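Examining the three-dimensional arrangement
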Amino acid sequence: MSKTVKYIVVALGALVAVLAVAAGIIAATFNPNDYKPLIVKLVQEKKQRTLAIPGEIKLKFFPSIGADLGRISISEHNGTAEFASINSARVSLQLIPLLSKRLVVDRVDIDGINANLTRFANGTTNFDDLLSGESSGQQIGFDVSGVSIANARVALDDRQQRRKFEIAKLDVETGKIANGVPSDIKLSGDVKGSNPAIDARVSLKSGFTIDLDQKHYVLKGADAAIKGRLGDFSDLAIKAAGDADLKPGAKRFVLDGIKLTASGKRAGQAIDVRFDAPRLAITDTRVTGGKLSGEAKLAEGARTVTANFAAPSFEGSPQAFKVPSLALDVAVKDAKLDAKTNISGTLAGDIDKLLFTSPQLKLALSGKQGDTAIDGTLSTPLSADMKAQVIELPNIAAAFTLPNPGGGALKLNADGNANVDLGKHTASTVLKGKLDESVFDARVGLSKFSPAAYTFDIGIDRLDADRYKSKPAAAAPKTAAADSKPLDLSALRDLQAAGRIRIGALKAENIKASNVRLDLRAAGGKIDLNPLSANLYDGTVAGSLSATASNPPRFAVRQNLAGINVGPLLKDAIGKEPIEGRGNVNLDVVTEGGIFAQMKKNLNGTARIALRDGAVHGINVAQTIRNAKTRIGELKGSEPPQAGTGSAGEKTDFSELTGSFRIVNGVAHNDDLHVKSPLIRVEGSGDINLADDKLDYLAKTTVVSTLQGQGGPELQTLKGLTLPVRLSGPFAAIGWHIDFRGMATELAKQKVDERKDELRSKAQKSVDEQKTRLQDQLKGLLGR
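Residues numbered from 1 in each chain as written. Predicted model: local features only at pLDDT ≥ 70, side-chain atom pairs only at ≥ 80, totals over all residues. Heavy atoms only, no water.

The next subject is the overall build of the protein. Helix and strand counts for the protein come out as 10 helices and 46 strands. Considering the protein as a whole, with its 784 residues, one finds that 35% of them fall into the buried category. Carbon and sulfur atoms form 56% of the exposed surface of the protein, whose accessible area is close to 43700 Å². (Helix = DSSP H or I, 4+ residues; strand = E, 2+ residues; numbered from the N terminus. Buried < 20%, exposed > 50% of the residue type's maximum accessible area, 1.4 Å probe, protein only. Areas by Shrake-Rupley, 256 points an atom, 1.4 Å probe, with all protein chains shown as cover.)

Structural data, given as structure tokens:
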């Protein structure tokens, strides 16, 4: 921002200088309009720019010599596009210095400046040529009785930093401007820009003295204000007041009565800041400072965070000064939390080398969250090399007692170090320690400050995430409202992160895994976990997960489970074991939605399962078939088919189970189910409605036709028969029924077919016998 101000000031100064030279030439002649072509030519030759003065130049001689130039414009260097223009300009010169061939500007009045400044990607600007003019040897006196600039507009297009700024409605009024003479200035304007985003009203009132010979600059009674929007802050109001006496060449800086206040809003948070520095003086031999103090307050809903900073008066030399004690108190309070933090220590430094150190900074935490006490300390030495722009915390030691969301308290003990490089905009922290039951080794940092880009590499020996889940006040059955709870992924929109996490043993939602490995990438509103792998229930899982903070949010899951023991997995995950067996499960699905219910309805993709040596619980198909012969004999056309809702003690064993699913809008359709066992074969098709938690499925069970006495005479009688089993209803209470009437029809048809085959076989045998006899008779006749 300081470079932006510098460019604008330099450009305005160059423009005023051009006006002053033009006015000097005009004032030395009697018929200035006759010399407009000459002025235009000189500018074209010297600066390769086109100067336009379309109106009539008017001279005045009393009380000072000057000219009213009217509208003026000047083009870009070696171009025709307009670089800057002025609606009207009046410049007057002092007469006596002019007679001695010195130009002393008496007053400048400018209305309607419009300037377009550009810094190109290579660092050059579109006004460099205006700053490299040839010296004419003629002295221009720095003595102006006043400058008035009204309704100015200056725009800067900084292509090197990819940002734009514009100052509009700029008004400037000054008193006398002369070397070493006290004066005053008043300015105001509207500032808009990007990177950072700004839309604010800026104003300044101050007395000032500028002594270019001594390089001495003074601000007296300065009062500056900014109101509007800056970056993420809205309703921003910043005020700064105080005095400054600066001699950079002599390394002398004095600040008196500095007061800074700021307030604004950011993401629903109200922020107020105050800082006071009654005096800070730095010379080449001495450093002194008055008591420093500050306060910051952040409020968000019922939570308030208050910070107070204080430092006593101090003194020393630039090479060795010391602040005897620093104190920062932070208090956090809301409906559940009441905590206070105190940071204290000493600070010493060498201003010449910009080195600052503290042998020990200490942070102390105390308070309560609910009925749980919070306390702890963090201590570390500090070393700051501001010339190299590096801050180091070489030996961090932390010990805290923190509240556990799941109830009780957590113990944290950690050691490590931290490093901040302000020049490279990077930061890194290394911590090793133990949190609750978990031993960790973490490296976290920032690869850039703005926008923040996080990096991490975290290793944990074991983690029971269920220990840290908030426990509900009372158990309640799941309702439709649970599926209607909105998903908030807004935190992903600005998140930039990259790193990896390693967990030796993990328990989450009662699911147990080991050797968990995941790489995380977050950028552009999307988070990817890829690859994601682990050992899971005697098998392995590998795949990826992603979530995108779009409207509505989008999700994608790709997982390949190999050699998984499905029964224990389902038992731990849902508390039930509807199926057991070992095998593979492949899942490739996408969905979108702002609530869980929408996500289920918008689910699309594919899934496949292949298990062996397992069982389906809730129905014993073999036992049902054993009873089929008796049931068929009892059917008279009036009894309903056998039905049930399944029993926990019933199950159907299988040696192999395979099937695939095509999922469209929350409904998983299957038409290739194959189940094999020594006694039966099962094929099936139907729909699993995940959106409505319902099942509609038809399983067709066939007794193995090649059965050799297995399962008893009942099954031998029914070999080859297909048994239709319809499963339907909500997931919580899936029911089934068997169509025995259909079975009887099928069996009767089978018997008829068998009888037809028997009669056909007998008829064929009779025909063959008659044919044989006939052939024998013919042979006898022919033989005679």
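With respect to the helices and strands, the residue Arg49 is situated in the loop between helix 2 (36–47) and strand 1 (51–52). A polar side-chain atom of Arg49 sits 2.8 Å from the main-chain carbonyl oxygen of Ser75. Here Arg49 is in contact with Val43, Gln44, Ile74, Ser75, Glu76, His77, Phe83, Asn126, Phe127, Asp129 and Leu130, once residues within four sequence places are set aside. (Polar contact = N/O pair within 3.5 Å; in protein donor to acceptor, adjacent residues only side chain to side chain. Contact = heavy atoms within 4.5 Å.)

A few words now on the pairing of strand 29 (residues 409–421). Bridge count for strand 28 (residues 390–403) against strand 29 is 12 bridges, and the pairing is antiparallel. Note on strand 29: the bridge partner recorded for Pro403 is Ala409. Between the end of strand 28 and the start of strand 29, which pair antiparallel, lie five residues, with Gly407 showing a positive phi angle near 115°. Two strands pair when backbone bridges link them, and strand 29 and strand 30 (residues 426–435) are joined in this way by 10 bridges, in the antiparallel orientation. For Asp415, the partnering residue across the bridge sits in strand 30 and is Lys432. Connecting the antiparallel pair strand 29 and strand 30 is a turn made up of four residues, with His425 showing a positive phi of about 60°. (Pairing = 2+ DSSP bridges.)

Before going further, it helps to examine the pattern of salt bridges. Evaluated as defined, the whole model comprises 31 salt bridges. The residue Lys220 makes a salt bridge to Asp243 at a minimum N-O spacing of 3.7 Å. Taken together, the residues span a long stretch of sequence, with Lys220 in strand 16 (residues 216–230) and Asp243 in strand 17 (residues 233–247) at a distance of 23 residues. Take Asp243: its relative accessible area is 22%, and that puts it in the partly exposed class. (Salt bridge = Lys/Arg side-chain N within 4 Å of Asp/Glu carboxyl O.)

Attention now goes to helix 5 (residues 566–574). Those residues of helix 5 that sit buried are Val566, Gly567, Leu569 and Asp572. On its buried face, helix 5 sits against strand 34 (511–523), strand 37 (554–565), strand 38 (579–592) and strand 39 (604–618).

Moving on, we come to the nonpolar core. Membership of the largest hydrophobic core comes to 38 residues, with the highest contact counts inside it found for Leu51, Phe83, Ile113 and Leu117. Broken down by element, this core gets its largest block of residues, five residues, from strand 11 (residues 146–158). Apart from residues lying up to four places away in sequence, Phe83 is in contact with Arg49, Ile74, Ser75, Glu76, Asn114, Ala115, Asn116, Leu117, Asn126, Phe127 and Leu130. Residues Ile374, Ala398, Ile564 and Leu673 belong to the second largest nonpolar core, which totals 36 residues. (Core = buried A, V, L, I, M, F, W, Y, C linked by side-chain atoms within 4.5 Å.)

Overall, the coordinates contain zero aromatic pairs when judged by the stated rule. The ring centre of Phe83 lies 4.7 Å from the NZ or CZ of Arg49, which sits over that ring. (Phe/Tyr/Trp six-rings, centres within 6.5 Å; stacked < 30°, edge-to-face > 60°. Lys NZ or Arg CZ within 6 Å of the ring centre and 35° of its normal.)

Glancing now at the side chain of Asn404. Here Asn404 shows up in the loop between strand 28 and strand 29. Take Asn404: its relative accessible area is 9%, and that puts it in the buried class. Polar contacts involving the side chain of Asn404 include one to the main-chain amide nitrogen of Gly406, which spans 2.8 Å. Filtering out sequence-adjacent residues up to four positions away, Asn404 remains in contact with Ala409, Leu410, Arg467 and Tyr468.

This part is about helix 2. The end-to-end C-alpha distance of helix 2 is 16 Å, a good match for the 16 Å that 12 residues give at a rise of 1.5 Å each. For helix 2, the set of buried residues is Lys36, Ile39, Val43 and Lys47. Along helix 2, the residues classed as buried sweep out an arc of 60° about the axis, all on the same side. Where helix 2 terminates, the next one or two residues include Gln48, which has phi positive at roughly 55°. (Expected span 1.5 Å × (residues − 1). Arc of directions from axis to C-beta.)

Moving on, we come to unusual backbone geometry. Put simply, Asn195 and Pro196 share a cis peptide bond, and its omega is 5°. With an omega of 0°, the peptide bond running from Asn530 to Pro531 counts as cis. Relative to the elements of secondary structure, Pro531 occurs in strand 35 (residues 526–536). Located in the positive-phi region is Asn665, a residue other than glycine, with phi close to 50°. Within the secondary structure, Asn665 sits in the loop between strand 41 (647–664) and strand 42 (667–676).

This next bit is on the environment of Lys387. Relative to the assigned elements, Lys387 resides in the loop between strand 27 (372–385) and strand 28. For Lys387, a relative accessible area of 59% translates into the label exposed. As a C-alpha pair, Lys387 and Asp352 span 35 residues in sequence and 9.4 Å in three-dimensional space. Once residues within four sequence positions are removed from consideration, Lys387 is found in contact with Asp352, Lys353 and Leu354.

What follows concerns the environment of Val444. Tracing the chain through its elements places Val444 in strand 31 (residues 438–448). Judged by relative accessible area, which is 36%, Val444 ranks as partly exposed. For the pair Val444 and Ala418, spaced 26 residues apart in the sequence, the C-alpha separation amounts to 9.4 Å. Contacts of Val444, omitting those with residues within four sequence positions, involve Ala427, Ser428, Thr429, Thr455 and Phe456.

A cluster of nonpolar residues, Tyr35, Leu38 and Leu42, forms a patch on the protein surface that exposes about 250 Å² of accessible area. Structurally, the position occupied by Leu38 is in helix 2. (Patch = residues over 30% accessible without salt bridge, like charges linked within 9 Å, V, L, I, M, F, W, Y side chains within 5 Å.)

In this fold, Thr341 is placed in strand 25 (residues 337–350). For Thr341, a relative accessible area of 18% puts it in the buried group. Counting along the chain gives 24 residues from Thr341 to Leu365, while the straight-line C-alpha distance between them is 4.5 Å.

Okay, the confidence of the model for the protein next. Chain-level statistics for the protein give a pLDDT mean of 83 and a share of 79% at 70 or above. Low pLDDT, under 50, characterises residues 706–711; the predicted model gives this stretch 11 contacts beyond four residues in sequence or across chains. (pLDDT = per-residue confidence, 0-100.)

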